[in-house]
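If you want the building blocks of each chain, they are given just below.
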Amino acid sequence: MKDTEIIELQEPRLSVADQFYVPQMLVGMGTTLKHMFMTLTGKDRVIQYPEEKREDIPVVEGGMNLRTYRGVHRLNKDEGGRVKCVACFMCSTACPAHCIHIEAGESPWADREKYPIQFDIDELRCIYCGMCEEACPVDAIELTHEYDIVGLTRQEMIFDKEKLLKMYDQTVEKEPM
Amino acid sequence: MDWLSVIPPFVYIALVAFGVVLVTVAYLILLERKVASWTQDRIGPNRVGPWGLLQPLADGLKMFFKEDYRPGGTDKVLFTTAPAAMMLVVIVAMAVIPWGGVHRVETQISVAAGQDVLAAAIASIPMNADLVGEPRVVEAGTYGIMYEYAFQIADLSIGLLFLVAVLSLAVYGVVVGGWASNNKYSFIGGLRATAQMISYEIPLGLCLLTIVVMTGTLDLGQIVEKQAHYWGGVIPAWNVFAQPLAFLMFLTCIHAEANRSPFDLAEAEQELVGGYHTEYTSMRLGLLLLSEYAEMIVTSSVCVALFFGGWHLPGLLGPDAQHPAVTSSWVVVLLRCAVYFIKVLVVIFVFMWVRWSMPRFRFDQLMMLAWRSFIPLSLVVLLATAIALYFAVAQDESFRSLRRIDGYTALLLFGVNIGLLLGAMVLSRVLPPPPLTNRRIGIPGSRFSHTPVPAAGEVEAVVQTKREFLVGVSNQL
Amino acid sequence: MPKIMVDGKSIDCKPGQMILQACLDHGIVMPYYCYHPGLSIVASCRICLVEVEGIPKLVPACQTPVREGMVVHASSSKAIANQKAVMEYLLINHPLDCPVCDQAGECYLQDYSYQYGRSESRFEEEKHKKPKKDVGQHVLLYNDRCIMCSRCVRFTREISGGGELYVQGRGAREEIDIFPGRPLDNKLSGNVVDICPVGALLDKDFLFKQRVWLLKQAASVSPVDSGGENIYLDYNEGVIYRIKPRYNGEVNQWWISDDTRYSYKIVRDPRRVVQPMRMQYGSQIETTYDRALEMAAGGLQQVVATGKAGSLYAVLSPMMACEEAWLLGQYMRRLDPKALLVLGPVLGKGEDEVFCNSLTGKQTFVIKGEKVPNAKGVRRVMEKLGGPTATFEEFVKGDRAEVKEVKGGWIVGGYLGDWVPKDLPAGMKKGFRVMQDILPTVLAGAVEVVLPGAAWAEKEGCWENHQGRLQAFEAAVVPPVGCRREGDVYMNLLGRAGLYNGAGIRKEMGEPFESVRAPVAREEEAAFEFVEL
């Protein structure tokens, strides 16, 4: 660092009101008081989560935009109920958090070469950016609107292929492919 | 019922007062969380009981059933004594709060012939009650007597002095707890509390003195009573209207005294983990937290007594002298207690409101506020009040006899206060600014400094520069 | 030295060189599929066509020799139009299955499609689908991905010499095939996978294992024989997935044998020794590495203390790096200045396998019969250390005086298979024996201390091949839990600070080891990528 790069900042000179402190303080306390009234009269308050959910609220009122919301992943199935994924590793390559682990193998089906023997997503490590969805050439991986996933251990939060396919079954009616 | 009348009133007053205060303390924590929520657009605790009303119960249960853990290397005795001492001191301080003013009781006693009536009357009334007037004869051997007692636990004539003495002991809980914890954060918290307490006791005492000069008594009950009239028939004669500047300083000082934000440097959680109670768990921690709220109640009560006329509510109750019967009614006494308590709650709400609006002071700002503004200002206020009163008293006989401030004197004092405030504001603009804190200190050779790196042989010069610099800094401070 | 002008840039060429090779030598990028510097030129892919002034039609750069003063336009509109046309033509029937194709990421067709192709296909008809074929033990043929460059056919004819692959059919029905009943099973068959510019020929062993862009490369040397073939270890997250040849014009050129190609399996072999053992009351028990090392050092010192000079021996395996052999020799000589250094068994005294061009009969590739990589190097280290030495045969026979006197010693294995001879030398049958090996052997079950060692891919060092070339190699992965690199163990025993570092040790060893250069990584090796393939 050169001396010329150092910028000395002077504290701004206080006005009389600033220096007396009380008027400025009252302004601040007025703001909090306003919020108290707003909250108590129910005009402005946070969403009461378990009872109210963002997906039930219009977007303009701060609700969830379901068109763009990115939640937990699912692995889509094709018409035959088989996993759509072809184990091309595009999602794990695109993933900035390195949370997708795939092990590929030769598929048991005649119409396809490759399929994932193992497909794990670490939902704790994932940053829900949706890059995997973008990268997928066969639309096999998708981000659903589910966000309230819980687990007792870290291991439980690593979703394997079965869990991701189950996620598809759970969400396919609400969110068709 | 005989044995019941034998119990002196201060015993049940104490029981009721402590019961109410301690339950209130528990619920203040709920209120605090609610106020915090409201300012932050939230609803606050609402899971335990209706509107979260059972939350304090759940918190208390939790505190009791937590593991009572004491880390190694702590001072065994002091570590446990500190929270107890803190709570104890606050409870003791509560003794002199004049909750309901004076309660007057009329009763009859039968005196055997030949006995001293007065002595018998005195023997029959409760311990700390005063006989009012002479016993009057109702029929042979039966005298009607009237006695009164202050509706407070201990009716001390030096109540204010006692309060100041006891409240300043509360800091021992913080300091001793911080020291006994054997933790640097706790220790720093304790140190900060000490420095803060020393600084803010002075303006606090001076503000109290201002009121004492005005009222001429140290008895809190009497101070309240002297505010129970009107100026110009309309304005209640509360000291806050005569001494707004003193009130402002007093309010600030009790914030500091109760270690409340923005003066909660002793437990500044962003810097000191938990401050003095970092190492505390279970009910020991519970006591420390409760005592903070108990202290808030005590200091608010004092504030109400000194500046807001205690139990006095305009329009609701007239002064005692004109309506002697009023004071003998239990309903009125309890109503006064309620009024007092509601006023206290309002002040406590202000405490909380401030906490959730203000950021914490930096330590140097805290010190600057006490030493550079409050101490000189409160000294001047005291002096000016004394001078103003001297002239007011010289002209007004009623003041001398009743020791009550009349409307003109109050206006004079109000004028003096506002004048001093304006004077202080002008002076603060005229006086040179205080030395800058937290500024970049130029150390020769540092890459963040403008001072060039010394060549060989210039070391002496650099040392000299450094010394000059340090001397300069200390001069500025 | 003819000079030619390519796209306004003047370059010096060798006389008789083709335009394409001259350009590649000078870093001018030009697309090509069928051209390979190690194979004959057929000019069948037509993507390298360039404009040469004075010649009315485009000429194939790979097949046109340079001439003094030639002016070549490689990026003229005509040349570019040709490149686009060729790309479109090649992609007509090429399936769009890059996501599942193992070649994706190192595919010429993919790269050129980005650089020279168009983003959309105008072909609306059904693509021609051909079945995949199993053409040999290691190789799978996806005929629909093939672009008919015939590199593989030329390889089997000109390098491996068997001529197993041929072009069957004509025109649109043209495809690579094998003769019925004659699979591609020569010992160089894996190379056709490397030279295939697209994903038509794939390695069964690597199939679907990993995507190539995830792999990192470590330059290494083949451990299977004394040929010293230069290789790359392709690894990711601590696992080696495949071995690829590394060009070395004087050793292996572009090719490696299949033994080398699949030798990486030893690294993750489930039989690997990973548990240090020590002898207690006549039976081996599990122990920690530090405890085992302590016991090994203590035991050897006791042998020296009770016996006379020359009672210690060390079997230096020809699988060891020269640096490791040097460090172990130093350690033994420190304990016992007259310690006997024995070169471990040099396996495989069979004949060299020679491959010839089936057309010209010229020798093209040799797989050495000596199946250890560093017999020469360890011998050189032993010479350098001086003192009593013996060959393993002498040690087995046991008639030399030094051999008879040994009471205990340090045995290093590290072979890729079982190496312990049936008739154990007398010295190895008794006494205090410390054994360092990667695979379990009969001997390892009987010695006093077993120290799990590291495979060659887990350590660095240098080996000397049959030509006397000292070649350094680098580590790709870390040893499995429980194993330690031999070099680190010796550094520890010698009481030296720090970890084992091949280049540092070579510096102390003096010439010729001192001047061995560390292997060059791929990025530094070539300014442009496709030249050495």
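In case you missed it, the structure is sitting above this.
Definitions and limits used
Along each chain, numbering runs from 1 in the same order as the chain's sequence is written. Both sets of labels track the order of writing: A upward for chains, 1 upward for ligands. Only residues with pLDDT of at least 70 are given local features in this predicted model, and only at 80 or more are side-chain atom pairs given and counted; all residues enter the totals for whole chains, interfaces and linings. Side-chain figures throughout are based on the complete set of non-hydrogen atoms in the structure, without hydrogens or water. In DSSP terms, a helix is any run of H or I states spanning at least four residues, a strand is any run of E spanning at least two, and both are numbered starting from the N terminus. The classification of residues rests on relative accessible area computed with a 1.4 Å probe and restricted to protein chains. Under 20% of the type maximum is buried, over 50% is exposed, and intermediate values are partly exposed. Two residues form a contact once any of their heavy atoms are found within 4.5 Å. Note on areas: these come from Shrake-Rupley sampling with a 1.4 Å probe, and a residue is covered only by the protein chains present in the view. Summed over both partners, the accessible surface that disappears when two parts come together, traced with a 1.4 Å probe, is what is meant by buried area. Each salt bridge in this description consists of a side-chain nitrogen of Lys or Arg and a carboxyl oxygen of Asp or Glu lying within 4 Å of one another. The term polar contact refers here to a pair of N or O atoms within 3.5 Å; inside protein, the definition further demands a hydrogen-donor-capable atom paired with an acceptor-capable atom, and it admits residues adjacent in sequence only when both atoms are side-chain atoms. Residue polarity follows a fixed list, in which Ala, Val, Leu, Ile, Met, Phe, Trp, Tyr, Cys and Pro are nonpolar, Asp, Glu, Lys and Arg are charged, and the others, Gly among them, are polar. Strand pairing is defined by DSSP finding a minimum of two bridges between the two strands. Structural elements are reduced to axes, namely lines fitted to C-alpha atoms, with helices fitted over the stretch in contact, and the angle between N-to-C directions of any two is expressed from 0 to 180 degrees. To sort the angles, those under 35 degrees are grouped as roughly parallel, those over 145 as roughly antiparallel, those from 65 to 115 as roughly perpendicular, and the leftovers as oblique. Put simply, a crossing is left-handed when the front helix is turned counterclockwise from the back one by less than a right angle, and right-handed when it is turned clockwise. We call a set of buried residues a nonpolar core when its members are Ala, Val, Leu, Ile, Met, Phe, Trp, Tyr or Cys and they connect through side-chain atoms within 4.5 Å of each other. What counts as a domain boundary in this text is fixed by an automatic or database domain assignment. Residues enter patches when their relative accessible area tops 30% and they take part in no salt bridge; the joining distance is 9 Å for like charges and 5 Å for the nonpolar side chains Val, Leu, Ile, Met, Phe, Trp and Tyr. For this analysis, a ring pair means two rings from Phe, Tyr or Trp (six-membered ring only for Trp) whose centres lie within 6.5 Å, classed as stacked if their planes differ by under 30 degrees, edge-to-face if by over 60, and tilted for the remaining angles. Here, a charge over a ring means that NZ of Lys or CZ of Arg falls within 6 Å of the ring centre while also lying within 35 degrees of the ring normal.

Colleague: Got a minute to help me understand the overall build of chain B in this structure?
Modeller: Scanning chain B for helices and strands turns up 19 helices and 5 strands. In chain B, buried positions account for 47% of the 477 residues. Long-range pairs, those at least 24 residues apart, make up 78% of the contacts in chain B with a sequence separation of at least 6. Counting only carbon and sulfur atoms, one obtains 68% of the accessible surface of chain B, whose full area is about 22,900 Å².

Colleague: Help me understand the overall build of chain A in this model?
Modeller: Counting secondary structure elements, chain A contains 5 helices and 5 strands. Starting at the N terminus and walking to the C terminus, you meet the elements of chain A as α-α-β-α-β-β-α-β-β-α. Per-residue burial for chain A yields a buried fraction of 34% across its 177 residues. Contacts in chain A between residues at least 24 apart in sequence constitute 64% of all its contacts with a sequence separation of at least 6. With the model as given, the accessible surface of chain A reaches about 11,100 Å², and the carbon-plus-sulfur share is 55%.

Colleague: Where do I start with the interface of chain A and chain B in this structure?
Modeller: Quoted interface sizes are often the accessible area lost when the parts come together. Listed by partner, the interface residues are 29 residues for chain A and 27 residues for chain B. When chain A packs against chain B, the two sides together hide about 2,700 Å² of surface, and 62% of this comes from carbon and sulfur. Joining chain A to chain B, the criterion identifies 1 salt bridge. For B:R47, the salt bridge goes to A:E51, with nearest N and O atoms at 3.3 Å. Where chain A packs against chain B, one counts 8 residue pairs in polar contact (both at pLDDT 80 or more). When residues of the side of chain A that touches chain B are traced back to their parent elements, those giving at least two are α1 (16-20) and α2 (22-40) of chain A. Ranked by the residues each element gives to the side of chain A that touches chain B, the list is headed by α2(A), at 10 residues. Here the side of chain A that touches chain B is composed, by residue class, of 14 nonpolar, 8 polar and 7 charged.

Colleague: How should I be thinking about the sheet that holds strand β5 (residues 71-73) of chain C in this particular structure?
Modeller: Whenever strands of a sheet pair, they do so through backbone hydrogen bonds, lying parallel or antiparallel. Sheet architecture is open: 5 strands sit in the order β2-β1-β5-β3-β4 (chain C), paired in mixed fashion. Every other strand in the sheet has two partners, leaving β2 (9-12) and β4 (59-60) of chain C as the edge strands with one partner each.

Colleague: Explanation requested: the interface of chain C and chain A in the structure shown.
Modeller: Listed by partner, the interface residues are 12 residues for chain C and 11 residues for chain A. Buried area between chain C and chain A, summed over both chains or domains, comes out near 1,000 Å², and the portion from carbon and sulfur atoms is 65%. Interface area lost by chain C to chain A is led by C:P99, C:V100 and C:F208, which between them contribute 51%. Summed over the shared surface of chain C and chain A, the number is 2 salt bridges. The partner of C:K132 in a salt bridge is A:E113, and the shortest N-O contact between them spans 3.9 Å. The interface formed by chain C and chain A holds 4 residue pairs in polar contact (both at pLDDT 80 or more) in total. Taken together, the residues of the side of chain C that touches chain A break down into 7 nonpolar, 1 polar and 4 charged.

Colleague: Explanation requested: the packing of helix α8 (residues 322-335) of chain C against helix α14 (residues 502-509) of chain C in the structure shown.
Modeller: If you want to describe how two helices pack, look at the angle between their axes and the distance between the axes. All names here are of chain C. Contact pair α8 / α14: the axes reach a minimum separation of 9 Å and the direction vectors enclose 60°. One way to sum up the angle between α8 and α14 is to call them oblique. The handedness of the crossing between α8 and α14 comes out as left-handed. Contacts between α8 and α14 involve C322, E323, W326 and L327 on the former and, on the latter, G502, I505, R506, E508 and M509. Looking at the contact of α8 with α14 residue by residue, the class counts come to 5 nonpolar, 1 polar and 3 charged.

Colleague: What's the story with the nonpolar core in this structure? I'm lost.
Modeller: Where a protein is soluble and globular, its nonpolar side chains tend to be buried together. Counting 108 residues, the largest nonpolar core has B:W99, B:Y200, B:L220, B:F250, B:L306, B:F307 and B:Y340 as the members making the most contacts within it. With 12 residues, the single largest contributor to this core is helix α13 (residues 282-307) of chain B. Residue contributions to this core reach at least three from each of two domains, namely domain 1 (2-97 + 154-430) and domain 2 (102-150) of chain B. Residues within four places of B:L306 in sequence aside, it is in contact with B:L160, B:L208, B:I211, B:L220, B:I223, B:Q227, B:N239 and B:F250. The next biggest cluster of nonpolar side chains, apart from the first, holds 90 residues, and it includes C:A297, C:L312, C:A457 and C:L494.

Colleague: In this structure, what is going on with a nonpolar patch on the surface? I would like to understand it.
Modeller: Residue and element names in this part refer to chain B. On the surface, V23, Y27, W51, L53, L54 and L57 cluster together into a nonpolar patch covering about 630 Å² of accessible area. With respect to the helices and strands, the residue L57 is situated in helix α3 (residues 55-65). Since its relative accessible area comes to 57%, L57 is described here as exposed.

Colleague: What is the right way to read the packing of aromatic side chains from this model?
Modeller: The relation between two aromatic rings is expressed through the spacing of the ring centres and the mutual angle of the planes. As enumerated under the stated definition, the model contains 31 aromatic pairs over all chains in all. Ring centres of B:F79 and B:Y280 lie 4.2 Å apart, and the angle between their planes is 5°; on these two criteria the pair is classed as stacked. Here B:F79 is found in helix α4 (residues 76-93), whereas its partner B:Y280 is found in the loop between α12 (269-272) and α13, with 201 residues between them in sequence. Here B:F79 and B:Y280 have matching classes, each one buried. Here the aromatic cluster, defined as three or more aromatic residues joined through ring pairs, consists of B:W238, B:F241, B:F247, B:F250, B:F307 and B:F308. Positioned over the ring face of B:W311 is B:R336, at 4.3 Å from the centre of the ring. The aromatic ring of C:Y142 is capped on one face by C:R145, whose charged end is 4.2 Å from the ring centroid.

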